[in-house]
Structure formats: structure tokens, C-alpha cells
Amino acid sequence: MMTQLTRRFGKSIVRIKVSTLFLFVLFACTKNYASIVQEESSMTVPVYKRTIYVDSKYGVDSHSGLSIDEAIRSLYKLNQMGIQAGDKVLFKGGETYYGMIKLVDLNEVSDGQNPIYIGTYGDSEKANIVFTDHQAGVMIQNSSNIMVENLDLTCHDKAAVKGHRYGIRIFSTSMNNESSKSSLVKDITIANVYIHDIFTMPVSACKSPRWCRQWDMADEDGWGWGIFASISKGDGIEGLLLNNVKIENVSHTGLKLIGNTKRTLIQQRRIKPFDIETNTYTLFQDVQVNHCQILNVGGPGIQFNRINEGVIKDCLVLNSGSSSDVRKWGRGSGMWMYHCDDLLIAKNQFIGAEGIADCCGAHIDIGNRNVVLEYNLSQNNAGGFVEVLGNNYNCSYRYNVSINDGWRDLKDPEQKTKWGELGTLGCLVTINGHGGDANQAEFYGPFSTYIYNNTIICQKDAQAPYTNPAIFDFATSARGILFTNNLLWVYKKMNNTWSGHSWKDGEAVDRAYDFRVTTGINEQGKPIVRSMNEQEIEDMNVVCTNNLYREANILPDGYWDLNPIIGNPEFVNQNGRDVKSFIPTNKSLIEQGVKIQKLSSDSSKNGLKYGGLNLSKDYFGHKINVPIIGAIIPQ
């Protein structure tokens, strides 16, 4: 049976459709289970027009499919029958089916009230969908009110195919380039689904590794994706829930969502979004990703592009940018977002990202607003821990734990063999104003970036034979950086580089060491620099104070922290590799934190969207009674 929940996150409403059993499993352990049951009983139970049974072992395609005894046999027959709004399709669990599940243009004949359910019956195991010779395992196009659960999706790579392959493809597209309500995709739920081993060619057809050694993505042979949802001239996607989804061993991105943001000319000129908030809207909105695992994918684990209102919580992304297979792209952060508004990324684990550039645990790319990363673990990621690029507003990393991030070293022979000469040095904290706009070469922002109460561990021997990574890269184009109450357990002397990046082909070089900026480049392509004047330094509005360091001699000379705190947190096990090893026991030292204040350059109301600036709990959920340094209360 199906039921419907409506759950509020801030001002947004995310509509969640789950089965009664799924509700029980999801909420049975919560303290408010009784109230949930009461709420559930008052909800409208959807009525299905028909139930179709599919049994690949005992079904017969000449049957009606409308009862277990009359089950049909194949996906070919199911697609001939045509899934309609109001259908429940049940596959016999534990069996294998060949082909693609198609849910295409069903909005045209739906009144919006009749759900579609794709699931299993009988055996408790998943139904196995093998979509060899098809573009996707499940195709959802211009169709709404759908739940897909308890499926295993893969494709056999017997021969090379042109184009991309997808475990699940969700698509909003308008016919004849005309806007139509029938192209608005609403309320899609994917639960308890396993997507794995998706490529476009067998290993024998891959003549050389496809690992990324360039800035652009060569895709002439196509890639394998886990879940890919996008809008192409359609009216958008509203309401997407992923729960307990596992994506593993695909050649490119695990979960990729692409919206279609329409921006005014004023925004393109880089006026602050807070001043023109009503002049922009995003067509992909209300996204929840909960309790998901994305493992060993060739590209990023999760990538959001033009998404409005999203929550990513309690997920594991392991070994994104994997090069374990020559067919993989070999580059990708655990997660990154581009031109997104209002994202909360909480209590996730981002571990083992690799690749030539970026490839942090989770990084905030270009043009985002109100993105908050809190209570996450970032560990062993090649690019580093924090990365914030240009034209971002009011974004934050807070109460996270970073363990041995930033180990990428392009001078290392082994890494150079894999990634080539192109790439960037690993860095623990990067604030880089790169805007990625071909029409505007200069760096811009970011604005009001809050980095506080993080525990950052970089053990002396963890990256051997590599040395500790660069520590800071702060762009002189930034306007407002708060770096406070962070615990930095590092051994290498910190560099004093405020910005060490250059734009494409040496044009518009933007380098600044010790508060110097460029005025151009010389004949050798090197930057011509001068010292920043007092007004330029003041305009940066950098507040770097009250951070804890292992010892004084690792601080840069001169200007860095206004109030550095030196001491030993006395970790439970400073040689450990898990978060619990870095619980501090030196209470008097850790309780020297300060209350977080809004930056003077920040014109927003509360500084940060989710809970304001001062949180009440630490990384492990313990109550904070006095301001602390780092992410963890002493035990």
C-alpha cells in the first residue's frame, strides 16, 4: 500500500511517497513514532487502477498480468502493455529481467492524482533488471508521482555502444520547444535500489585508460552514470527523494542532477543575489538524498547543477574519481555544486577522492548561495578539505572533521604517471575567486565565507612519501572570510600564500603572495606584482582569529592569525585514523572558543541560512555549553 508524507524543510516542501512498510522501517526507531503512525492513519491511501505482475520464471507473456497466477514474463511485454498513471507494477523478487522500464510522457494523460509504483512481490530480494542494449534501466520522462524501489540495475558490456548509459534517467523536456505543464516532473521517489557496473564498452575495447588528464571531458565514447536527472527546455523537476540507494562502479558520476536556472542580465554582471533575489528562479527544486552509498565511481560521487532547496544527509561517498578501471574518468570530488541555492549537506562521509584538480571531499564550485556543510567527515581526499570558488555567497564549512586531506602532489612520479603535468597542488583550505566565465576573466568573490569549528588533522606520516599539503590559498578577490575556532593539527610550516592561482593560458593571472596583487604579466608569462594598499586589504574583510595550532613555529611569519592559540588537545589517540581517535581530552584548551560573529561585509540577515551562526551541538551531537575550538567537545 502507498501513503504520502509532506515534510517541511525551512520554506520548502518536499513531498515524499513511501510504502507503509518503508515508513515503518524508516521511522520505527524514532522517538516520535506514535505521532507518525497517527499522522499516517489520517493520510489518503492511493488507489491503483490496476496491478501488473511480472515473473521471469513462471510468467507467460500471453497472460493478462493482472494477478499472480496470470503474471506476464518479460519487460518487452510490460512495455507493450504500457505503464499508465495509477499502475502498480510488481516484479517477482530475486529473478532477472532484461530490458528497460519506460515511464514516458505519462503526464499528458494523468490528472496528477494517480501514482505509479514499481516494486517487487514474493521473495524479499531485489528484482534484477539488466538493460544491455538499452540506454537506461529505468527511464522517467515527463512523468510524475512515481515510486521505484527494491530493484537491482546493471548492464552487461558485451559490446561497445554509442552514447551514455544510465541506471536511472529522469528527464523533463518540452516538445517543439514549447513550455507545457505535461513536462513538469513532480514527486519522484527512489528507495532501496542498487545501481552498479555501468559502462559503455567492455575492457577489451578500451585501448588506453580514459583517466582525466585534461580540463574538459572527452565523451565521444559515452559514459556510464548512476542516476542522472536533468531539464532540457521542460518545465522542471520538483520533489526528488533518494533513500537507501547504493551506486557502485560506474564509469562517471554516481548521482548527477542538472537544473535550468534562468538569470537576469543584472545577475550576469555579478550584482549580489541578495539585492535581486526575486529576479531569479531555479527549475529543479526540493531534493533529498538520505542514507545513500556511492562507491568507486569514476567521476564525482554527487554533482548538483542549478538546484534549489536540497538536503544531503547521512550518506557515504567512497573513492570518487576512481581509476580502478581503465574505462573510468578518474576525477571527481565526493560532492560538488554549481549555481545552487539553499543546500544543507550534513552528517555525510566523503572519503578517498582522486583526480587532477578539485577532488576534495566536498567542494563549493561557482555561483552558489546558502550552501552549508556541517558535521561531515572528509578523509584522504587528494585535493583537500575546503574549496570555495568564485561568485559564492554565504557558504560555510562548520563542525566538520578532516583527516589527512590534500595529499595530491603533481611532482610525485607515480601521480604524474597517472595524471600528467596538468593539475593543482593539494591544499587544506582553498578560497579561490575563479568565476569560470569566459566573458569575464577576472576573479570575483567569494562573498561572506564562514569556516569555523572544524577539526583538521594532517598527520606527519599519513601521506608518506608525500609531505603535508599546502595549508591556505585565500584569493585577494574575496570579500569576507571568517576563519575562527578551527583546530589545525598539522606538522608542516604554513605557507603565507593569499592566492596562488592563474587563469587560462597565462591570461588574467591573479597571484598574490604576502598581500601582493598583479598588475599584468611580463614577457616570460610571470606576474608583475605590487603590494596591496590598506584599502584593498580592508576590502577583503578577512577575520582569521582564535584558531588552535600544534606549535607556534608552524605559523607563517608576520600577519596570519590575530589570536593564535598554541597547545596540545590531548587526543584519545593522535596516531589513529578514525574520528573517535581525535576526541580531545584537554578541556581547558578546547573551551577557549569564541562566539561566532557576522562578518561586517555580510548584508544577509542571519549570516547563514541553516540555524544561524552559533550551533548548539558538536560533531557527535553533544550539547555545547560554552564556545569551543574544533568540532568535538572534550570527553
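Note that the structure is a prediction, hence the values are computed from the model and not measured.

## Focus: the overall build of the protein
Tallying secondary structure elements over the protein gives 7 helices and 45 strands in all. The buried share of the protein, reckoned over its 635 residues, is 59%. A sequence separation of at least 24 residues applies to 73% of the contacts in the protein between residues at least 6 apart. As displayed, the protein has an accessible area near 26200 Å², and 48% of this comes from carbon and sulfur atoms.

## Brief notes about the environment of valine 579
Note that valine 579 resides in the loop between strand 45 (565-566) and helix 7 (587-590). Accessibility expressed as a relative area gives 10% for valine 579, which makes it buried. A sequence separation of 178 residues divides valine 579 from valine 401, and the C-alpha atoms of the two residues are 7.3 Å apart. For valine 579, the contacting residues outside a window of four places in its chain are Leu377, Val401, Ile403, Tyr619, Phe620 and Ile632.

## Description of the packing of aromatic side chains
Under the criterion given, the structure shown has 16 aromatic pairs. Where phenylalanine 385 meets tyrosine 397, the ring centres are 5.6 Å apart and the plane angle is 75°; that geometry is what we call edge-to-face. Of the two residues, phenylalanine 385 is situated in the loop between strand 29 (377-379) and strand 30 (386-388) and tyrosine 397 in strand 31 (residues 393-398); the sequence distance between them amounts to 12 residues. The pair phenylalanine 385 / tyrosine 397 is uniform in exposure class, with both members buried. Relative to tyrosine 452, the ring of tyrosine 399 lies with its centre 6.4 Å away and its plane at 85°, an arrangement referred to as edge-to-face. Here tyrosine 452 lies in strand 34 (residues 447-452) and tyrosine 399 lies in the loop between strand 31 and strand 32 (401-403), a separation of 53 residues in the sequence. Note on tyrosine 399: relative accessible area 6%, which makes it buried. The exposure class assigned to tyrosine 452 is buried, which follows from its relative accessible area of 0%.

## Here we look at the pairing of strand 19 (residues 284-290)
By the criterion of burial, strand 19 is predominantly enclosed, with 6 of the 7 residues buried. Two strands pair when backbone bridges link them, and strand 16 (residues 237-243) and strand 19 are joined in this way by 6 bridges, in the parallel orientation. Opposite glutamate 238, over in strand 19, you have glutamine 285 as the bridge partner. The pairing of strand 19 with strand 22 (residues 308-313) spans 5 bridges and is parallel.

## A closer look at empty space enclosed by the protein
What the rule picks out here adds up to 2 cavities of 30 Å³ or more. Approximately 50 Å³ is the volume attributed to the largest cavity. Looking at the largest cavity, the residues that line it are Phe350, Gly361, Ala362, Leu373, Asn376, Ser378, Phe385, Tyr397 and Asn400. For the lining of the largest cavity, the per-class residue count stands at 5 nonpolar, 4 polar and no charged. When its volume is computed, the second largest cavity comes out at roughly 30 Å³. Every residue lining the second largest cavity is listed: Leu242, Val245, Ile247, Leu255, Val289, Cys292, Gln293 and Ile294. Taken together, the residues of the lining of the second largest cavity break down into 7 nonpolar, 1 polar and no charged.

## Considering the environment of isoleucine 118
Tracing the backbone shows isoleucine 118 in strand 7 (residues 116-121). Residue isoleucine 118 is classed as buried on the basis of its relative accessible area, which comes to 1%. The spatial distance from the C-alpha of isoleucine 118 to the C-alpha of leucine 90 is 6.1 Å, given a sequence separation of 28 residues. Leaving out residues up to four positions away in the same chain, isoleucine 118 has contacts with Ile83, Val89, Phe91, Ile101, Leu103, Met147, Val148, Glu149 and Leu151.

## Quick notes on the confidence of the model for the protein
On average, the protein scores 84 in pLDDT, and the residues at 70 or more come to 82%. Overall, residues 1-42 carries pLDDT values under 50, and its contacts beyond four positions in sequence, including any with other chains, amount to 75 contacts.

## Here we look at the nonpolar core
Proteins that are soluble and globular tend to have nonpolar side chains buried together. Within the largest apolar cluster, 92 residues are counted, with the highest numbers of intra-cluster contacts made by Phe91, Ile118, Leu151 and Phe304. Core analysis: the next-biggest nonpolar cluster, separate from the first, contains 36 residues, Phe582, Tyr610, Ile628 and Ala631 among them.

## Concerning unusual backbone geometry
Residue proline 446 is reached from glycine 445 by a cis peptide bond, and omega for that bond is 0°. On the secondary structure map, proline 446 appears in the loop between strand 33 (427-431) and strand 34. In this structure, lysine 233 takes a positive phi of about 65° despite not being glycine. Unlike most non-glycine residues, serine 448 shows phi in positive territory, near 50°.

## Comments concerning the pairing of strand 36 (residues 470-474)
By the criterion of burial, strand 36 is predominantly enclosed, with 5 of the 5 residues buried. In the sheet, strand 33 pairs with strand 36 via 4 bridges, with the strands oriented parallel. Bridge assignment links isoleucine 431 to a residue of strand 36, and that residue is phenylalanine 474.

## Concerning the environment of valine 371
Examined against the element boundaries, valine 371 turns out to sit in strand 28 (residues 369-374). Judged by its relative accessible area of 0%, valine 371 falls in the buried class. Separated by 22 residues in the primary sequence, valine 371 and tyrosine 393 have C-alpha atoms spaced 8.3 Å apart. Every residue in contact with valine 371, bar those within four places of it in the chain, is listed here: Met337, Cys340, Leu343, Ile345, Ile364, Asn394, Cys395 and Ser396.

The rules behind each value
- Residues numbered from 1 in each chain as written.
- Predicted model: local features only at pLDDT ≥ 70, side-chain atom pairs only at ≥ 80, totals over all residues.
- Heavy atoms only, no water.
- Helix = DSSP H or I, 4+ residues; strand = E, 2+ residues; numbered from the N terminus.
- Buried < 20%, exposed > 50% of the residue type's maximum accessible area, 1.4 Å probe, protein only.
- Contact = heavy atoms within 4.5 Å.
- Areas by Shrake-Rupley, 256 points an atom, 1.4 Å probe, with all protein chains shown as cover.
- Phe/Tyr/Trp six-rings, centres within 6.5 Å; stacked < 30°, edge-to-face > 60°.
- Pairing = 2+ DSSP bridges.
- 1 Å grid on protein atoms, 1.4 Å probe; cavity = no way out; pocket = protein on both sides within 12 Å on 5 of 7 lines; lining within 4 Å.
- Points joined across faces, edges and corners; volume = space filled by probe spheres on them.
- Nonpolar A, V, L, I, M, F, W, Y, C, P; charged D, E, K, R; others polar.
- pLDDT = per-residue confidence, 0-100.
- Core = buried A, V, L, I, M, F, W, Y, C linked by side-chain atoms within 4.5 Å.

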